[in-house]
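Listed here are the chains, written in short residue letters.
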Amino acid sequence: MKTPKAEAPTDRHAALVRSLGLAIAEGTLAPNSVVRLDELEAQHKVSRSVVREAARVLSSKGMLASRRRFGTVVQPEEAWNLYDPQVIRWRLASSRRLEQLQALNELRGAIEPQAARLAAERASWDAGSDLVSLAARLWAAGQRGDNDEFLRLDVEFHAAVLNASGNAMFAQFQSLVTEVLTGRTKHGLMPHLPHHEALQLHVDVASAIQRGEAGAAHAAMSRIVEQVAEEVGHIWSEHHPNEAPDASLRHPTEADGAPQLPPSASRSLGES
């Protein structure tokens, strides 16, 4: 019988970062509560160096801070780096998932239509042709119900539009869009088959960019973002008929990866 392979320190570190990140995003570890590193060490059966490194990573994301006389303290949401892909992922896994999606979609609505407009003004004919080809493959994947391929191509399409804008800051926005698209799929907020209008709108964006029609590209991308909000609200209402679309989602279960931290894992700042 083989001896089970020991978990690598890097795996334990990643698992602890994720567990704490999810707990902070959910509110299980409340703002201004004190996180006891010695208790985390015992609870997760990891070394002090793993705990310290996890705290350092979360501090770099604005979720934890070291305070004199108190120790390691959970920070309020306004201090977090809300553009960090991991922070986005953890917020999407929390009970405030719908609120997070709404905020992200509003941000997309401010950036992606303008990126499409700039792409129509700046992209080469070849780049436009590549987008049209990508939109056609996206359409085909959606029509045949290949959800994995559809997600991959959808991520690629939106990244290509942002890159084609010629704006380096817009191009870096693609990591956030990737988290939104992936999160919708992971948490069951995508239709089983993409709506015909959504597929057509991607074709419209690509065609407008290829033809250099900035206004049409902007309008089609704006409609894509609007439709996302409509779809999410509709799917949410179907699964939760007795709740308003903007109501909080359920708390994540253990199967969702939500951390199960005991009350002793943190204490309020005033109790330290």
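The coordinates are above.
Calculation criteria
- Residues numbered from 1 in each chain as written.
- Predicted model: local features only at pLDDT ≥ 70, side-chain atom pairs only at ≥ 80, totals over all residues.
- Heavy atoms only, no water.
- Helix = DSSP H or I, 4+ residues; strand = E, 2+ residues; numbered from the N terminus.
- Buried < 20%, exposed > 50% of the residue type's maximum accessible area, 1.4 Å probe, protein only.
- Contact = heavy atoms within 4.5 Å.
- Areas by Shrake-Rupley, 256 points an atom, 1.4 Å probe, with all protein chains shown as cover.
- Core = buried A, V, L, I, M, F, W, Y, C linked by side-chain atoms within 4.5 Å.
- Pairing = 2+ DSSP bridges.
- Expected span 1.5 Å × (residues − 1).
- Lys, Arg positive; Asp, Glu negative; His and termini not counted.
- Salt bridge = Lys/Arg side-chain N within 4 Å of Asp/Glu carboxyl O.
- Polar contact = N/O pair within 3.5 Å; in protein donor to acceptor, adjacent residues only side chain to side chain.
- Axes fitted to C-alpha atoms, helices over the stretch in contact; angles between N-to-C directions.
- Parallel < 35°, antiparallel > 145°, perpendicular 65-115°, else oblique.
- Left-handed = near helix turned anticlockwise from the far one by under 90°.
- Nonpolar A, V, L, I, M, F, W, Y, C, P; charged D, E, K, R; others polar.
- Arc of directions from axis to C-beta.

Caption draft 1: Structural context of the overall build of the protein. The secondary structure content of the protein amounts to 11 helices and 4 strands. Taking all 272 residues of the protein together, the buried fraction comes to 45%. The contacts of the protein with a sequence gap of at least 6 include a subset with a gap of at least 24, amounting to 71%. For the protein, the accessible surface area stands at approximately 13,900 Å², while carbon and sulfur atoms represent 52% of it.

Caption draft 2: Structural detail: the nonpolar core. Counting residues in each nonpolar core, the largest one holds 25 residues, and the members touching the most others are L16, I24, L29, L58, M63, L64 and W90. Looking at this core, the elements that each hand over two or more residues are α1 (9-26), α2 (37-44), α3 (48-60) and α4 (85-92). With 7 residues, the top contributor of residues to this core is α1. In contact with I24, other than residues within four places in its own chain, are L29, M63, L64, V74 and W80. Among the nonpolar cores identified, the runner-up in size contains 24 residues, and A119, V205, A206 and I209 belong to it.

Caption draft 3: Quick look at the pairing of strand β3 (residues 71-74). Where strand β1 (residues 33-35) and β3 come together, 2 bridges link them in antiparallel fashion. Bridging from a neighbouring strand, V35 pairs with T72 of β3. Pairing of strand β2 (residues 64-67) with β3, which is carried by 4 bridges, proceeds in the antiparallel orientation. Along β3, the bridge assignment pairs L64 with V74. Counted along the chain from β2 to the antiparallel partner β3, the turn is 3 residues long, and its residue R69 has a positive phi close to 75 degrees.

Caption draft 4: Representation of helix α7 (residues 147-164) within the structure. Over its 18 residues, α7 runs 25 Å from end to end, which matches the ideal 26 Å to within 8%, given 1.5 Å per residue. The complete set of buried residues in α7 reads F150, L151, L153, D154, V155, F157, H158, A159, V161, L162 and A164. Once α7 ends, the next one or two residues include G166, with phi positive near 75 degrees.

Caption draft 5: Layout of the side chain of E26. Inspection of the secondary structure puts E26 in helix α1. Despite its burial, E26 pairs with no opposite charge; the closest candidate is R97, at 7.3 Å N-O. Polar side-chain contacts of E26 include one of 2.8 Å to the backbone nitrogen of S95.

Caption draft 6: Examining the packing of α7 against helix α9 (residues 174-186) more closely. Across the interface, α7 lies against α9 with an axial gap of 10 Å and an inter-helix angle of 155 degrees. In this view, α7 runs roughly antiparallel relative to α9, as classed from their interaxial angle. In this structure, the crossing between α7 and α9 has a hand that is right-handed. For the pair formed by α7 and α9, the contact residues are L151, D154, V155, H158, A159, L162 and N163 on the first element and Q174, V177, T178, L181, T182 and T185 on the second. Residue composition of the contact of α7 with α9, by class: 6 nonpolar, 6 polar and 1 charged.

Caption draft 7: Broad picture of α3. Here α3 spans 18 Å end to end across 13 residues, near enough to the 18 Å set by a 1.5 Å rise per residue. All of the buried residues along α3 are V50, V51, A54, A55, V57 and L58. All buried residues of α3 fall inside an arc of 160 degrees around its axis, so they share one side. Of the exposed residues in α3, those oriented more than 90 degrees away from the buried face are S49, R52 and S60. Positive phi shows up at G62, right after α3, with a value of about 80 degrees.

Caption draft 8: Quick look at the pattern of salt bridges. A full pass over the atoms with the stated rule returns 16 salt bridges. The salt bridge partner of R89 is E179, with a shortest N-O separation of 2.7 Å. A residue pair is termed long-range when its members are at least 10 positions apart, and R89 in helix α4 and E179 in helix α9 qualify at 90 residues. With a relative accessible area of 12%, E179 lands in the buried category.

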